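# A look at the structure
Residues per chain are reported as follows:
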Amino acid sequence: MAMTVRLPEELDAQLNALAERRHTSKHALLIEAADRFLREEVTTEQAVEIARGVATRYSALLKKLEDA
């Protein structure tokens with residue numbers, strides 16, 4: 001699917017420089033960046049869910065430790 005992305009000049013220049021260093025295109029860099037971002041978001045969401053579960057499961061213990 002086609003999409004137009006308007007980038008600030010400085011970011012565009014940085015992408016150009018990186019693309020040249022990697023011998024690839026800005027398009028490929030943006031695909032890679034979007035993929036990494038989505039994978040990180042899933043990981044973050046999973047970590048938050050785990051932390052919430054631990055907090056719920058051990059809330060009484062955590063309260064005792066807080067009061068100690």
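Residues numbered from 1 in each chain as written. Predicted model: local features only at pLDDT ≥ 70, side-chain atom pairs only at ≥ 80, totals over all residues. Heavy atoms only, no water.

Helix and strand counts for the protein chain stand at three helices and zero strands. Counting from the amino terminus, the protein chain carries its helices and strands in the arrangement α-α-α. Rg of the C-alpha trace for the protein chain: 21 Å, well past the compact-globule value of 11 Å for 68 residues, more than 25% over. Projecting the C-alpha coordinates of the protein chain onto the three principal axes gives extents of approximately 55 × 25 × 20 Å. Sorting the 68 residues of the protein chain into buried and exposed places 4% on the buried side. For the protein chain, the computed accessible surface area is about 6,400 Å², with 59% contributed by carbon and sulfur atoms. (Helix = DSSP H or I, 4+ residues; strand = E, 2+ residues; numbered from the N terminus. Rg over C-alpha atoms; globule rule 2.2 N^0.38 Å. Buried < 20%, exposed > 50% of the residue type's maximum accessible area, 1.4 Å probe, protein only. Areas by Shrake-Rupley, 256 points an atom, 1.4 Å probe, with all protein chains shown as cover.)

We now examine a nonpolar patch on the surface. Together, Ile50, Val54, Tyr58, Leu61, Leu62 and Leu65 line one region of the surface with nonpolar side chains, adding up to about 570 Å² of accessible area. Elements with a minimum of two residues in the nonpolar patch: helix H2 (26–57) and helix H3 (59–67). Since its relative accessible area comes to 37%, Val54 is described here as partly exposed. (Patch = residues over 30% accessible without salt bridge, like charges linked within 9 Å, V, L, I, M, F, W, Y side chains within 5 Å. Salt bridge = Lys/Arg side-chain N within 4 Å of Asp/Glu carboxyl O.)

Looking now at the packing of helix H1 (residues 9–22) against H2. One can describe the packing of H1 onto H2 by two numbers: an axis separation of 9 Å at closest approach and a directional angle of 100°. The angle between H1 and H2 places the two elements in the roughly perpendicular class. Each of Asp12, Leu15, Asn16, Leu18, Ala19 and Arg22 in H1 lies in contact with H2, whose residues at this interface are Lys26, Leu29, Leu30, Glu32 and Arg36. By residue class, the composition of the contact of H1 with H2 is five nonpolar, one polar and five charged. (Axes fitted to C-alpha atoms, helices over the stretch in contact; angles between N-to-C directions. Parallel < 35°, antiparallel > 145°, perpendicular 65-115°, else oblique. Contact = heavy atoms within 4.5 Å. Nonpolar A, V, L, I, M, F, W, Y, C, P; charged D, E, K, R; others polar.)

As a further point, take the pattern of salt bridges. Applying the stated rule across the entire model yields six salt bridges. Here Arg22 makes a salt bridge to Glu32, at a shortest N to O gap of 2.7 Å. Pair noted here: Arg22 is in helix H1 and Glu32 is in helix H2, with a separation of ten residues, a long-range link. Arg22 gets classed as partly exposed once you look at its relative accessible area, which sits at 41%. We classify Glu32 as partly exposed; its relative accessible area is 28%.

Moving on, we come to unusual backbone geometry. In this model, His23 sits at a positive phi of 55°, which is unusual for a non-glycine residue. Inspection of the secondary structure puts His23 in the loop between H1 and H2.

Taking 1.5 Å as the rise per residue, H1 with 14 residues should run 20 Å; its terminal C-alpha atoms sit 20 Å apart, in good agreement. At the C-terminal side of H1, His23 shows a positive phi close to 55°. (Expected span 1.5 Å × (residues − 1).)

Considering every residue of the protein chain, the mean pLDDT works out to 91; 100% of them sit at 70 or more. Across the protein chain, element-level confidence peaks in H1 with a mean pLDDT of 97 and bottoms out in H3 with 83. (pLDDT = per-residue confidence, 0-100.)

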